[in-house]
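Take a look at the letters that make up each chain.
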Amino acid sequence: MTKEIKTMEHILFGRLRYLGAWTKLVKLTIFGRECSLMLLFQGDDQGVFDHNQVLAYQGFFDNLANRIFRIERAAFRYYEVMAAEFRAALPDPQDAPRLVPEIKRLEELYPLVTPLELVFPKGRQEPTVGFLADSAWDHQGGLAVRFEGEALVEVGTRDILL
């Protein structure tokens, strides 16, 4: 017997589905292309969200162009700093030009990043949003950017969102 997927209509978030967290698919232009990202609101299946999740959502989408700008620039700076380490960690150095190429411009980073999710965690002291993407250079850790309030506080692998 197939279990029915729970859905709800939230006054701010819109139509959500519960898949272990409340989710919604949105289209955003980021990293030079239109992408479908999953919005993920942590919480139980009762659909009760905390105030900081609401504030994080509002803050992110009220300043969407600025947040995207900051995510892309932060990812580029992170890549510039970490690329040599990523190349050194490759099992086969011949993969470096494809997986961790030397880049000079932000636009060269775009094909190396596949945006996946925006995570709105529950129970944080600050309104928190995490951006998560797959990356060519780290298939397990990917790329993550975390905002707390208005501040971009960390760039790294998906571990920073745990």
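Residues numbered from 1 in each chain as written. Predicted model: local features only at pLDDT ≥ 70, side-chain atom pairs only at ≥ 80, totals over all residues. Heavy atoms only, no water.

Q: Sorry, what's going on with the pattern of salt bridges here?
A: Here the structure, examined in full by the defined rule, presents eight salt bridges. A salt bridge links Asp95 to Arg98, with the shortest nitrogen-to-oxygen separation between them at 3.3 Å. Overall, Asp95 belongs to the partly exposed group, its relative accessible area being 24%. Under the relative-accessibility criterion, Arg98 is labelled exposed at 56%. Each of Arg146, Glu148 and Glu154 takes part in a single network of salt bridges with overlapping partners. (Salt bridge = Lys/Arg side-chain N within 4 Å of Asp/Glu carboxyl O. Buried < 20%, exposed > 50% of the residue type's maximum accessible area, 1.4 Å probe, protein only.)

Q: Would you mind showing me how to read the pairing of strand S3 (residues 22-30) here?
A: Sheet faces and side chains relate simply in a regular strand, where the side chains alternate between the two faces. Looking at chain direction, strand S2 (residues 14-18) and S3 are connected through two bridges and run antiparallel. Looking at the pairing, Arg17 lines up with Thr23 of S3. Relative to strand S4 (residues 33-41), S3 is paired through nine bridges, and the arrangement is antiparallel. Each residue of the ladder has a partner; that of Lys27, found in S4, is Ser36. The loop that links S3 with its antiparallel partner S4 comprises two residues; one of these, Phe31, has a positive phi angle of about 55°. (Pairing = 2+ DSSP bridges. Helix = DSSP H or I, 4+ residues; strand = E, 2+ residues; numbered from the N terminus.)

Q: How should I be thinking about the environment of Ile103 in this particular structure?
A: Relative to the assigned elements, Ile103 resides in the loop between helix H3 (96-99) and strand S5 (113-120). By relative accessible area, Ile103 is classed as buried at 12%. Separated by 13 residues in sequence, Ile103 and Leu90 have C-alpha atoms that sit 17 Å apart. Setting aside chain neighbours within four positions, we find Ile103 in contact with Phe76, Tyr79, Glu108 and Leu109. (Contact = heavy atoms within 4.5 Å.)

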